[in-house]
Amino acid sequence: MKIGILGCGATGSVFASYLRMGGADDIWLIDLNKAHMDAVRDHGMTMTDHNGVHHLTGFRTAYSAQEVGPCDIFIILVKSTATIAAMTSAACCITDKTAVISLQNGLGNDLDLAKFVSEAQIGCGCGRIGTVLTAPAQCDSRPAQGITNMYLGPVYGGGIAAEGCKYIVDCFAKGGLNPEYLDDVRPALWKKAASNSGFNTVCGVLGLTMKQVYEDENALAMVKQILKEASDCAKALGIADDLYTGLVSDIPKTVASYGDYYPSLAQDMLIYKRQTEVNTLSGAISRFGKIAGVATPTCDVLSQAVRAVQANYDKRYKDQG
């Protein structure tokens, strides 16, 4: 199958590497990072994970989707804030038989995809994999060990999406991940998005790492409140009866694996001073809460705080010392 991956930073590069190790042989990487694309084209990709260092060749690269043409599977990995623009630019890659699969963070990405393709074509996935792009054509992968670290499946039960997701799962498994195909991927998406929303939003607003949040009673209470609001929404929408119990029990393991890091939303706020994906994390929980008739006061307020910060980076107080 011909696979296009739109957005090949750290995560896209790692996923492409596992697909290649798993036998996929027609993979197009699409990214604006010219130095990275040129290095992959000329020298291949070097990925490091818990199994060692892997040098992979055979990728095809492009700076824009217009260079690629129709694909059997088209994977979306741009920031959720860029999905509409990305899908508009990628129209030439997508036919009515293309499985369009979002591996982006958060909730609601499928709603953006549904503006461009049929529900039968839409799949989503999520996982527990830390990724870093250390240099052009060099990436590190840190998949969670001993558990399923990737979930993929159709969002609306569509056959085109199901076929594409099953192919990716098979390649990931052969490539060294521990993936699982799900006929209904929504519970997994909600669990991952809820977990991300808790730590991402609180770490971003407070300027703390995950471990520092975990060690502060008030900060951790806010994380748990976000998890509870997400769980209540998922139950009201008929997606999952009780996400909260599992989410809270996973907190120590999550902190043990990633506690010294600032999660992605916090990095965007604290380091890069750019627009965040809050609208697909705690902001999405607020939006679905309104649809489901569930109160989400913690998500509402913290999401507003994130939006206010990202709208005023240039005006915030700076220590002159």
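Look up a bit, the structure's there.
Nothing here was measured: the structure is a model prediction, and the numbers come from that model.

S.K.: Help me out: how do you make sense of the overall build of the chain in this one?
M.R.: Tallying secondary structure elements over the chain gives 12 helices and 12 strands in all. Summarising its shape, the C-alpha atoms of the chain cover approximately 50 × 50 × 40 Å along the three principal directions. Classification of the 321 residues of the chain by burial places 52% in the buried group. A separation threshold of at least 6 residues defines the contact pool for the chain, and within that pool the share at least 24 residues apart is 72%. Carbon together with sulfur atoms contributes 51% to the accessible area of the chain, which is approximately 13,900 Å² in total. Averaging the coordinates of the 28 positive side-chain charges in the chain and doing the same for the 32 negative ones gives two points 3 Å apart.

S.K.: Just checking my understanding: could you explain the sheet that holds strand S3 (residues 45-49) for this structure?
M.R.: Hydrogen bonds along the backbone pair up the strands of a sheet, which may run parallel or antiparallel. Ordered in space as S4-S3-S10-S9, the four strands form an open sheet in which the pairing is mixed. Each having just a single partner strand, strand S4 (52-56) and strand S9 (129-135) make up the two edges of the open sheet. When strand polarity is set aside, the average angle formed by the axes of neighbouring strands in this sheet is 20 degrees. Two strands pair when backbone bridges link them, and S3 and S4 are joined in this way by five bridges, in the antiparallel orientation. Note that in S4 the partner of Met47 across the bridge is His54.

S.K.: What exactly am I supposed to notice about the environment of Cys93 here?
M.R.: You can see Cys93 is positioned in the loop between helix H3 (83-89) and strand S7 (99-102). Classification of Cys93 as buried rests on a relative accessible area of 0%. Here the alpha-carbon distance between Cys93 and Gly69, two residues 24 residues apart in the chain, equals 4.7 Å. Those residues in contact with Cys93, other than ones at most four positions away along the chain, are Ala65, Val68, Gly69, Pro70, Cys71, Phe74 and Thr98.

S.K.: What am I meant to see in a nonpolar patch on the surface here?
M.R.: Together, Tyr262, Ile271 and Tyr272 make up an exposed nonpolar region whose accessible area comes to about 300 Å². Within the secondary structure, Ile271 is located in helix H10 (residues 264-272). Since its relative accessible area comes to 49%, Ile271 is described here as partly exposed.

S.K.: I would appreciate a short explanation of the packing of helix H11 (residues 282-292) against helix H12 (residues 297-310) in the present structure.
M.R.: Where H11 meets H12, the closest approach of the two axes is 8 Å, and the angle between their N-to-C directions is 135 degrees. With respect to their mutual orientation, H11 and H12 come out oblique. Viewed along their axes, H11 and H12 form a crossing whose handedness is left-handed. Here H11 contributes Ser282, Gly283, Ile285, Ser286 and Lys290 to the contact with H12, which in turn contributes Cys299, Asp300, Ser303 and Arg307.

S.K.: Is there a simple way to explain helix H6 (residues 186-206) in this structure?
M.R.: Along an α-helix, residues three or four apart share an orientation, since each turn contains 3.6 residues. Between its terminal C-alpha atoms H6 stretches 30 Å, which fits the 30 Å expected from 21 residues at 1.5 Å a residue. Gly207 lies just past H6 and shows a positive phi near 70 degrees.

S.K.: Even after reading the chapter, I still don't get helix H5 (residues 159-175), so can you show me in this structure?
M.R.: Taking 1.5 Å as the rise per residue, H5 with 17 residues should run 24 Å; its terminal C-alpha atoms sit 24 Å apart, in good agreement. For H5, the set of buried residues is Ala161, Ala162, Gly164, Cys165, Ile168, Val169, Cys171, Phe172 and Gly175. Elements in contact with the buried residues of H5: helix H1 (10-21), strand S6 (73-76), S7, strand S8 (122-127), strand S11 (150-154) and strand S12 (179-181). Gly176 lies just past H5 and shows a positive phi near 125 degrees.

S.K.: How do you make sense of the environment of Ala236 when you look at a structure like this?
M.R.: Residue placement: Ala236 occurs in helix H8 (residues 217-236). For Ala236, a relative accessible area of 44% puts it in the partly exposed group. For the pair Ala236 and Ser89, spaced 147 residues apart in sequence, the C-alpha separation works out to 36 Å. When sequence neighbours within four positions are dropped, the list of residues in contact with Ala236 reads Ala292 and Val294.

S.K.: I tried to follow the layout of surface pockets on my own but got confused; where do I start?
M.R.: Using a probe with the size of a water molecule, rolled over the atoms, empty space left in the structure can be pinpointed. When its volume is computed, the second largest pocket comes out at roughly 240 Å³. Taken together, 15 residues form the lining of the second largest pocket, with Asp110, Val155, Arg186, Trp190 and Phe288 sitting closest to its centre. Going through the elements one at a time, helix H4 (109-113) and H6 are the ones with two or more residues in the lining of the second largest pocket. Class assignment for the residues of the lining of the second largest pocket results in 10 nonpolar, three polar and two charged.

S.K.: In this structure, what is going on with unusual backbone geometry? I would like to understand it.
M.R.: Glycine aside, residues mostly have negative phi angles, and peptide bonds mostly take the trans form. The phi dihedral of Ala137 is positive, around 65 degrees, even though this residue is not glycine. Assignment of secondary structure puts Ala137 in the loop between S9 and strand S10 (138-143). Ala137 gets classed as buried once you look at its relative accessible area, which sits at 7%. Positioned with a positive phi, Lys273 is a non-glycine residue whose angle comes to about 55 degrees. By secondary structure assignment, the location of Lys273 is in the loop between H10 and H11.

About the thresholds
- Residues numbered from 1 in each chain as written.
- Predicted model: local features only at pLDDT ≥ 70, side-chain atom pairs only at ≥ 80, totals over all residues.
- Heavy atoms only, no water.
- Helix = DSSP H or I, 4+ residues; strand = E, 2+ residues; numbered from the N terminus.
- Buried < 20%, exposed > 50% of the residue type's maximum accessible area, 1.4 Å probe, protein only.
- Contact = heavy atoms within 4.5 Å.
- Areas by Shrake-Rupley, 256 points an atom, 1.4 Å probe, with all protein chains shown as cover.
- Lys, Arg positive; Asp, Glu negative; His and termini not counted.
- Charge placed at Lys NZ, Arg CZ, Asp CG, Glu CD.
- Pairing = 2+ DSSP bridges.
- Axes fitted to C-alpha atoms, helices over the stretch in contact; angles between N-to-C directions.
- Patch = residues over 30% accessible without salt bridge, like charges linked within 9 Å, V, L, I, M, F, W, Y side chains within 5 Å.
- Salt bridge = Lys/Arg side-chain N within 4 Å of Asp/Glu carboxyl O.
- Parallel < 35°, antiparallel > 145°, perpendicular 65-115°, else oblique.
- Left-handed = near helix turned anticlockwise from the far one by under 90°.
- Expected span 1.5 Å × (residues − 1).
- 1 Å grid on protein atoms, 1.4 Å probe; cavity = no way out; pocket = protein on both sides within 12 Å on 5 of 7 lines; lining within 4 Å.
- Points joined across faces, edges and corners; volume = space filled by probe spheres on them.
- Nonpolar A, V, L, I, M, F, W, Y, C, P; charged D, E, K, R; others polar.

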